[in-house]
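Fold and contact review
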Amino acid sequence: MKLLVPIKRVVDPYAKVRPLADGSGVDTTGAKFEINPFDEIAVEEAVRLKEKGIATEIVVVSVGGPQCEDQLRKALAIGADRAILIETDAVLDSPAVAALLSDVALAEAPGLILMGKQATDDDCNQVGQMLAAKLGWPQATFAAKVEITGNSAQVTREIDSGEQVVALPLPAVITTDLRLNEPRYVALPGIIKARSKPLEKRPATSVQSPKTSVSAVELPPTRPPGRRVGSVQELAAAIKERGAI
Amino acid sequence: MSKLLVIAFDATDAATSFGFAHALGLPFDVLQLTGLSVPSGAGTVTLANLGSIPPADGLAKALQPLVAGYSHIASPSSMGSKDVLAYLAGLLDTGMVTDAIGVVSPTEFKRPIYAGAMTATIKVNCDPIIITFRPGNFGKDAASANGNESTTSLNVTSQATILSESSKGSARPDLSQAAIVVSGGRPLKDAATFESVIGGFADALGAAVGATRAAVDAGIAANDLQVGQTGKVVAPNLYIAAGISGSTQHMAGIKDSKLIVAINTDTNAPIFDAADLGLVGDLFTVLPELQRELKQ
Ligand SMILES: Cc1cc2nc3c(=O)[nH]c(=O)nc-3n(C[C@H](O)[C@H](O)[C@H](O)COP(=O)(O)OP(=O)(O)OC[C@H]3O[C@@H](n4cnc5c(N)ncnc54)[C@H](O)[C@@H]3O)c2cc1C
Ligand SMILES: Nc1ncnc2c1ncn2[C@@H]1O[C@H](COP(=O)(O)O)[C@@H](O)[C@H]1O
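No experiment lies behind these values; they were computed from the predicted model shown. (Residues numbered from 1 in each chain as written. Chains lettered and ligands numbered in written order. Predicted model: local features only at pLDDT ≥ 70, side-chain atom pairs only at ≥ 80, totals over all residues. Heavy atoms only, no water.)

This next bit is on the environment of Val6 of chain B. Looking at the secondary structure, you find Val6 of chain B in strand 1 (residues 4-8). Between the C-alpha atoms of Val6 of chain B and Leu31 of chain B, which are 25 residues apart in sequence, the distance is 6.1 Å. (Helix = DSSP H or I, 4+ residues; strand = E, 2+ residues; numbered from the N terminus.)

So, in C-alpha cells, the structure goes:
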C-alpha cells in the first residue's frame, strides 16, 4: 500500500517569535524552521508501517516555497521514499492547501493519508478534515494508535472525554496526535542517503483565492506582573483576598 | 440575510454560546445534536435527538442540508466540533476560523496563533463562514427563554464505525468549565501519586484536575486531562500549577484563567513569569498545607 504524508514547514515550536513592527504579519527573520511536529509523527508512523511490511511506498508532499525542500529532505532521511514539492509563493489558507493536496492524492492514489492534526504556526486544525471531505473519504483525527489490517484501519483516537476506537475502510485520512509515537533520531548516514532520493518540484497549477486571510498580528494582552509569596499561609491568604475561592 | 446557526454537540454547548452569539450581533438558531435543549436565547431550537455523536464523514454530510441559508455556522471549540465542522467546511468548500477569541465584525475575528504567543485578526471572504470559538473569551450573558422548538431526524450514514469509547468515569467537574483547576506535571512520578496528590487536593476543593503533556506522555495522567496548545483550554477563577515548568505550549491553555498560582522548586522556572502568585517550594509539602489553609 502507498502512503501519502503531507508535511508543512513551520517555525521551530520552541523559538520565540514576534509580530512584525507594522503588525502585518509574523516576524520570522532568523528563525529556525522544522517539519511541523505532528507531521514528523505522521512520517514516523508511515515508516513504522513500512518496516512492518504493511506500507510499500511512502510519498511526502509539501506545498510552499523552495525552502520546503529542507523539510522534505528531512522526511526522506527519516525513511520516506519519494518527495513532491508543490511550489508556490502565494499566501495559502486551509481550503487552498486542501485543494492542492487533493489533486496530489487523486494523482498518487494512496491507500492512506497520514498527516498532522494541526500546524504549530497557525494552529488551525483544518486541512486534514477538509482534504478528507474533498476526497469523500472517512477520517480519524487525533490518532493515538493506528493498526492496519487488509483494507481497513483501526484507530484509537483522542476525544474530549477520553478515547474512542474507530474502524475505517481505506482509503482514509488519519491525523496524528502527539501520543502516537516518538519520532526517531536521524543519524548522519540517513541524511546523506536522503540526498539521492527522488524529490520532484512542480509549480502549483492554480491556487484558489483565499477565503480567509490574516489582516493583522499583535501580541496578546500582558498580565500585570505577579507576586512571589514567602509561605503557604501567605499564599492562602492572597488567594482568599483575590476572591478566587 | 445574515443569521447564525449554533451547532450544539452536547447539553451545555447552547448555553455557553450565548456570549459569542451576542458579540456577533446576529439572530441565531440552535441545532441540538444530542441531549435536550437548554435556555439559550435562540430563535428556533431544533432537536436532532442523536444518542451520541457519529463519525465526522457521515455527520457532516447529514448536516449539509440543515445549515443551508445560514451565513455563520458555529460551535464552542472542542476536539469533537473541530473534527466535524472542518469536514463540513470541506464539503461546502468554504473557509473556517478555529478557536475564535474575539469578534471584530461579522467577517473579522481574532484568534490565537503560535500557541497563543500572538493574536491574529482573520478576515473572512466566503459564505457561509464556519467558526469554532472559545466560550471563556465571551461574556456569560444571561439567556432568555427559547422561541420555537422543533425536532428533526438526522439520518447519518458514516463510512467509519465507532467500535468502543472509554467512559469518562469521573465525578469531578468538567475541566473546561470548572471554577477551580489544579494541574500537575512531570514530578508527580506515577499515576497513583498523581491521583492521590493532585486528585486528593482537587476533591477537597471541588476542583477539576489537569495535567501537562509531559505527565500524559509519562503515563502519569489520562490524555483527556491535558491542558495546553494541543489539549484543553481552561478559564477558571483559580488555576494552580504544581510542578509545571511553564512551557509556551502549556501556557497557551491557561492564559484566560483569572488567577494563576505556581508552585515550583526552581526559582527560575518560567511559570513564575506568567503566574499571579508564585511560591518556591516542594509541591508534595505545599499542596497538603495549602489545602488545610484554604479550607479554614
Ligand atoms: C507541538 C507541541 C505541542 C505541545 N503541546 C502541549 C500541551 O498542549 N500541553 C502541555 O502541557 N505541553 C505541551 N507540549 C510539551 C511542552 O513543550 C513541555 O514539554 C511540557 O509542558 C512540560 O511539562 P512539565 O512542566 O510537566 O515538565 P517539565 O518541563 O519537566 O517541568 C517540571 C517542573 O517541575 C518542577 N519540579 C520538580 N520537582 C518538583 C517538586 N517536588 N515540587 C514542585 N516543583 C517541582 C521543576 O522545577 C520543573 O520546572 C507540547 C510540545 C510540542 C512540541
Ligand atoms: N503547506 C502545506 N503543505 C503540506 N501540508 C500542509 C500544509 N499546510 C498544512 N498541511 C497539513 O495539514 C495539517 C494541518 O494543518 P492546519 O490545518 O494548518 O493546522 C498539517 O499538519 C499538515 O499535515
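With that out of the way, let us pick up the interface of chain B and chain A. Each partner contributes to the interface: chain B provides 79 residues, whereas chain A provides 77 residues. Summing the contributions of chain B and of chain A, the shared interface buries around 6600 Å²; its carbon and sulfur component is 53%. We note a salt bridge from Lys110 of chain B to Glu218 of chain A, for which the minimum N-O separation is 2.5 Å. Between chain B and chain A we count 45 residue pairs in polar contact (both at pLDDT 80 or more) in total. The leading source of residues in the side of chain B that touches chain A is helix 4 (residues 79-92) of chain B, at 9 residues. Considered class by class, the residues forming the side of chain B that touches chain A number 37 nonpolar, 23 polar and 19 charged. Bridging between strand 15 (residues 227-228) of chain A and strand 16 (residues 277-280) of chain B involves 2 bridges; their strand directions are parallel. What sits directly across from Arg227 of chain A, in strand 16 of chain B, is Leu277 of chain B. (Contact = heavy atoms within 4.5 Å. Buried area = accessible area lost by both parts, 1.4 Å probe. Salt bridge = Lys/Arg side-chain N within 4 Å of Asp/Glu carboxyl O. Polar contact = N/O pair within 3.5 Å; in protein donor to acceptor, adjacent residues only side chain to side chain. Nonpolar A, V, L, I, M, F, W, Y, C, P; charged D, E, K, R; others polar. Pairing = 2+ DSSP bridges.)

Bringing the sheet that holds strand 14 (residues 212-218) of chain A into the picture now. In spatial order, the strands read 14(A)-8(B)-7(B)-6(B); together these 4 strands make up an open sheet with antiparallel pairing. Looking at which strands have only one partner, the edges of the open sheet turn out to be strand 14 of chain A together with strand 6 (102-105) of chain B. Taken pair by pair, the neighbouring strands of this sheet meet at an average axis angle of 35°, ignoring direction. Examined bridge by bridge, strand 14 of chain A and strand 8 (residues 118-124) of chain B share 6 bridges and lie antiparallel to one another. Looking at the pairing, Val217 of chain A lines up with Ala120 of chain B of strand 8 of chain B. (Axes fitted to C-alpha atoms, helices over the stretch in contact; angles between N-to-C directions.)

What follows concerns the confidence of the model for chain B. When pLDDT is averaged along chain B, the result is 94; 97% of the residues meet or exceed 70. The ipTM assigned to the predicted complex is 0.96, against a pTM of 0.96. (pLDDT = per-residue confidence, 0-100.)

A word on the site of ligand 2. Residue and element names in this part refer to chain A. The full set close to ligand 2 counts 18 residues, and Asp39, Val63, Ala119, Asn125 and Gln126 are the nearest of them. In this structure, Ala119 approaches ligand 2 through a main-chain N or O atom, which is 2.7 Å from an oxygen atom. A distance of 2.8 Å is found between an oxygen atom of ligand 2 and a backbone nitrogen or oxygen belonging to Gln126. Taken together, the elements giving at least two residues each to the shell around ligand 2 come down to strand 6 (57-64) and strand 8 (112-116). Among the elements that line the shell around ligand 2, the one with the most residues is strand 6, at 3 residues. Taken together, the residues of the shell around ligand 2 break down into 9 nonpolar, 6 polar and 3 charged. (Near = heavy atom within 4 Å.)

Before going further, it helps to spend a moment on the sheet that holds strand 1 (residues 2-6) of chain A. Ordered in space as 13(A)-7(A)-6(A)-1(A)-8(A)-12(A)-9(A)-10(A)-11(A)-11(B), the 10 strands form an open sheet in which the pairing is mixed. The strands lining the two open edges of the sheet, one partner per strand, are strand 13 (199-203) of chain A together with strand 11 (161-165) of chain B. Going from strand to strand, the sheet's axes swing by 30° on average, the running direction of each strand aside. Where strand 6 of chain A and strand 7 (residues 82-87) of chain A come together, 6 bridges link them in parallel fashion. Within the sheet, the bridge partner assigned to Val61 of chain A lies in strand 7 of chain A and is Ile84 of chain A. Running at roughly 165° to strand 7 of chain A, helix 2 (residues 69-78) of chain A makes contact with strand 6, strand 7 and strand 13 of chain A of the sheet.

Below, the discussion takes up the site of ligand 1. Around ligand 1, a shell composed of 31 residues is seen, among which Arg186, Thr212, Gln226, Ser245 and Asn264 of chain B lie nearest. A distance of 2.7 Å separates an oxygen atom of ligand 1 from a polar atom in the side chain of Arg186 of chain B. In the model, an oxygen atom of ligand 1 is placed 2.9 Å from a nitrogen or oxygen of the Ser247 of chain B side chain. For the shell around ligand 1, the secondary structure elements donating two or more residues are helix 1 (37-51) of chain A together with helix 6 (213-217), helix 7 (248-251), strand 15 (259-264) and helix 9 (283-295) of chain B. Of the residues contributing to the shell around ligand 1, the split by class is 11 nonpolar, 16 polar and 4 charged.

The subject of this paragraph is the environment of Arg9 of chain A. Residues and elements named next belong to chain A. Structurally, the position occupied by Arg9 is in strand 2 (residues 9-11). Distance in space between the C-alpha atoms of Arg9 and Ile35 is 5.1 Å, their sequence separation being 26 residues. If near-sequence neighbours (up to four positions away) are discounted, Arg9 is found in contact with Phe33, Glu34, Ser62, Gln67, Cys68, Asp70, Gln71 and Asp121. Reaching out from Arg9, the side chain makes a polar contact with the backbone oxygen of Gln67 at a distance of 3.1 Å. Looking at Arg9, its side chain comes within polar contact range of the side chain of Gln71, at 2.9 Å.

So, on to the packing of helix 4 (residues 127-135) of chain A against helix 4 of chain B. Two elements in contact, helix 4 of chain A and helix 4 of chain B, have axes whose closest approach is 7 Å; the angle formed by their N-to-C orientations is 45°. Between helix 4 of chain A and helix 4 of chain B, the interaxial angle falls into the category oblique. For the pair helix 4 of chain A and helix 4 of chain B, the sense of crossing is right-handed. Across from Gln129, Met130, Ala132, Ala133 and Lys134 of chain A in helix 4 of chain A, the residues of helix 4 of chain B making contact are Lys82, Asp83, Ala86, Tyr87, Ala89, Gly90 and Leu91 of chain B. Partitioned by chemical class, the residues of the contact of helix 4 of chain A with helix 4 of chain B number 7 nonpolar, 2 polar and 3 charged. (Parallel < 35°, antiparallel > 145°, perpendicular 65-115°, else oblique. Left-handed = near helix turned anticlockwise from the far one by under 90°.)

Here we come to helix 6 (residues 232-241) of chain A. Residue and element names in this part refer to chain A. Three or more residues of helix 6 are buried, namely Val232, Leu235, Ala236, Ala238 and Ile239. Projected down its long axis, helix 6 shows its buried positions confined to an angular sector of 165°, all on one face. Two residues or fewer past helix 6, Gly243 is found with a positive phi of approximately 70°. (Buried < 20%, exposed > 50% of the residue type's maximum accessible area, 1.4 Å probe, protein only. Arc of directions from axis to C-beta.)

Residue and element names in this part refer to chain A. Together, Leu188, Ile191 and Ile192 make up an exposed nonpolar region whose accessible area comes to about 270 Å². Residue position: Ile192 is located in helix 5 (residues 188-194). Taking relative accessible area as the criterion, Ile192 reaches 44% and is therefore assigned partly exposed. (Patch = residues over 30% accessible without salt bridge, like charges linked within 9 Å, V, L, I, M, F, W, Y side chains within 5 Å. Areas by Shrake-Rupley, 256 points an atom, 1.4 Å probe, with all protein chains shown as cover.)

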